[in-house]
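# Analysis of the macromolecular model
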Amino acid sequence: MSAPDEKGPKVLPALRAAPLAARYLLGGALLNQMGAFLQTFLVLYLVHKGLGASLAGIALGAYSLGAVVGTLAGGELTHRLGARTTIAASMAGSALLVSCVPLLSRPGQGPVLIAVTALTGAVTQAYRPAASTMLSDLMPDEHRVMAFSMFRIAINVGAALGPLIAFWLITVDWDLLFWFDGATALLYALLALAVLPRRTRSAAGPRPAADAPEDQGAGGSRSVYGGMVRDVRFVLYLAAMALMAIVYVQYTVALPLELDAAGLTSTYSIALTLSSTVLITCELAVTARVKGWPAHRVAAAGTVLMTLGMAGYGLASGSTVVVLLCTVVFVSGLMTNGPTMFAYPATAPLRVKGRYIGTSQAVFGLGSALGTVLGEAVWRHYGGGVWLMCAAAGVGSAVCCHLGMRGLGPAAGEAEPAAALAPAGGPRSADEDPRVDG
């Protein structure tokens, strides 16, 4: 692995290159995450309301399934309506639906509550592909990976502040969790309409001819998704995302179960605080460091490092020091591979970028849902075998990264994507993509 290119973009140049609209977008993501309480507190809230852990688990599962559908829909809506409209509609709909949860959290309303939480997951998560697409459009191409790192930092800062706000709200009234969640989502919707640009590069390309059916014309839904299935490299990348998600989610599934069984419940809280601190303070610097390295190596190396940290939890043997050391290794891998892997679909042709981003995020969501079920089942039946499962999934993910992301040049975004990423109608021409120099 070669040393990073000294001319590669660093943190401060990327921050200076971010236009005002991109900063508003990052601020909106922070604001939204700061009030994103539904997924985190739904189980505790419903148990507090006396509805039982069984219903709470089903409701949370419904939200997760809805989120997968929402990310796919968000990519399609971004293509058809534009990123700003999709963000605003998603956040406005989320504000309405989240605010209904306290009204439905009562005996006899279980089926309606489950349906509403599923719909909430779909509507809320539809904004993510749109936000990612807009961010990649607004930032210069050479700063794309750094931009996704900034996006992750904004979300992590919001996630770190959110529990502090939630603790205060719970002392007043549990229902305030969802009123606050709805208020932040509505504020983000208004912010999107007021300050985000109506059109970005992904919306600027020529549209299909008026008489060409949408599902068959250039860039139409059927040809685009068919092209994804035929694109071996992109399928390998999607496999890497799904396997990585299976490993990643064990941090919130198998690890707390393991630590609780070992009598180290407080250690999990310390590990959560440590991971958030390391991510917020170090990710931009790590991204700047690896920015000039080949994308497939960055993704594969980060995935291996993340897997080593996760598998290492199996060797903790009740040691808080080992748990925290493994957490640092795990988070270091996330900081290395995360920005590059999540930025990769943004290298797709402009007119289909939203769909590629939505598909990748939906696959990650599916992997997370599958990992939640597998992690709990494997830990319950085989105990420490769950860490062997993580090791196998992590190695598979690293191999898929290495094979699927080869040839992209530095940092998954400075070079144009492989020709296979073009729509099924063939690679784009220079006049279809203003990034191409001709």
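Before reading on, note that the structure itself is shown above.
In this report, we go over the structure that sits alongside the text. Just so it is clear, the model here is predicted, and its values are computed rather than measured.

Here we come to the overall build of the protein. Along its length, the protein carries 17 helices and zero strands. In the protein, the proportion of contacts linking residues at least 24 apart, taken out of those at least 6 apart, comes to 83%. As presented, the protein carries roughly 17900 Å² of accessible surface, and 68% of it is formed by carbon and sulfur atoms.

Enumeration according to the criterion identifies two salt bridges in this entry. Its salt-bridge partner being Asp175, residue Lys49 comes within 3.2 Å of it at the nearest N-O pair. Separated by 126 residues along the polypeptide, Lys49 in the loop between helix H3 (38–48) and helix H4 (53–81) and Asp175 in the loop between helix H8 (144–172) and helix H9 (176–195) bring together distant segments of the chain. In this structure Asp175 comes out as buried when scored by relative accessible area, which is 16%. A salt bridge links Arg80 to Glu76, with the nearest nitrogen and oxygen atoms 2.8 Å apart. Placement of the pair is Arg80 and Glu76 together in helix H4, with a separation of four residues, close to one helical turn. Under the relative-accessibility criterion, Arg80 is labelled partly exposed at 45%. Given a relative accessible area of 14%, Glu76 falls into the buried group.

When two helices pack together, their arrangement is given by the angle between the helix axes and by the axis-to-axis distance. Remark: helix H12 (residues 254–261) packs on helix H13 (residues 265–290), axes separated minimally by 7 Å, with the N-to-C direction vectors making an angle of 145 degrees. Along the contact surface, H12 presents Leu255, Pro256, Leu259 and Asp260, while H13 presents Thr265, Thr267 and Tyr268. Per-class residue counts for the contact of H12 with H13 are four nonpolar, two polar and one charged.

Here we come to the nonpolar core. It is characteristic of soluble globular proteins that their nonpolar side chains tend to be buried jointly. Membership of the largest hydrophobic core comes to 56 residues, with the highest contact counts inside it found for Met310, Tyr313, Phe330, Met341 and Trp387. Secondary-structure elements contributing two or more residues to this core are H8, helix H11 (232–249), H12, H13, helix H14 (295–312), helix H15 (320–343), helix H16 (353–382) and helix H17 (385–404). With residues near it in sequence (within four places) discarded, Met310 still touches Val247, Tyr248, Gln250, Tyr251, Phe330, Trp387 and Cys390. Counting 30 residues, the second-largest nonpolar core is a separate cluster that includes Ala95, Tyr127, Ile153 and Ala185.

Turning our attention to the packing of aromatic side chains. In this description, an aromatic ring pair is defined by two values, namely the gap between the centres and the angle between the planes. The tally for this structure, following the rule as stated, stands at 11 aromatic pairs. A ring pair is formed by Tyr45 and Phe178, whose centres lie 4.6 Å apart and whose planes are at 80 degrees; its orientation type is edge-to-face. Remark: Phe178 occurs in helix H9 and Tyr45 occurs in helix H3; sequence separation between them is 133 residues. The same class applies to Tyr45 as to Phe178, namely buried. Between Tyr127 and Tyr188, the ring centres sit 5.7 Å apart and the planes meet at 80 degrees, which makes this aromatic pair edge-to-face. Within this pair, whereas Tyr127 is found in helix H7 (residues 127–138), its partner Tyr188 is found in helix H9, the two being separated by 61 residues in sequence.

H9 packs onto helix H5 (residues 83–104) with a crossing angle of 165 degrees between their chain directions and a minimal axis gap of 8 Å. What the angle tells us is that H5 and H9 run roughly antiparallel. Judged by the twist between their axes, the crossing of H5 over H9 is left-handed. Each of Arg84, Ile87, Ala88, Met91, Ala92, Ser94, Ala95, Val98, Ser99, Val101 and Pro102 in H5 lies in contact with H9, whose residues at this interface are Phe178, Trp179, Asp181, Gly182, Ala185, Leu186, Tyr188, Ala189, Ala192 and Leu193. Considered class by class, the residues forming the contact of H5 with H9 number 16 nonpolar, three polar and two charged.

Calculation rules
Residues numbered from 1 in each chain as written. Predicted model: local features only at pLDDT ≥ 70, side-chain atom pairs only at ≥ 80, totals over all residues. Heavy atoms only, no water. Helix = DSSP H or I, 4+ residues; strand = E, 2+ residues; numbered from the N terminus. Contact = heavy atoms within 4.5 Å. Areas by Shrake-Rupley, 256 points an atom, 1.4 Å probe, with all protein chains shown as cover. Salt bridge = Lys/Arg side-chain N within 4 Å of Asp/Glu carboxyl O. Buried < 20%, exposed > 50% of the residue type's maximum accessible area, 1.4 Å probe, protein only. Axes fitted to C-alpha atoms, helices over the stretch in contact; angles between N-to-C directions. Nonpolar A, V, L, I, M, F, W, Y, C, P; charged D, E, K, R; others polar. Core = buried A, V, L, I, M, F, W, Y, C linked by side-chain atoms within 4.5 Å. Phe/Tyr/Trp six-rings, centres within 6.5 Å; stacked < 30°, edge-to-face > 60°. Parallel < 35°, antiparallel > 145°, perpendicular 65-115°, else oblique. Left-handed = near helix turned anticlockwise from the far one by under 90°.

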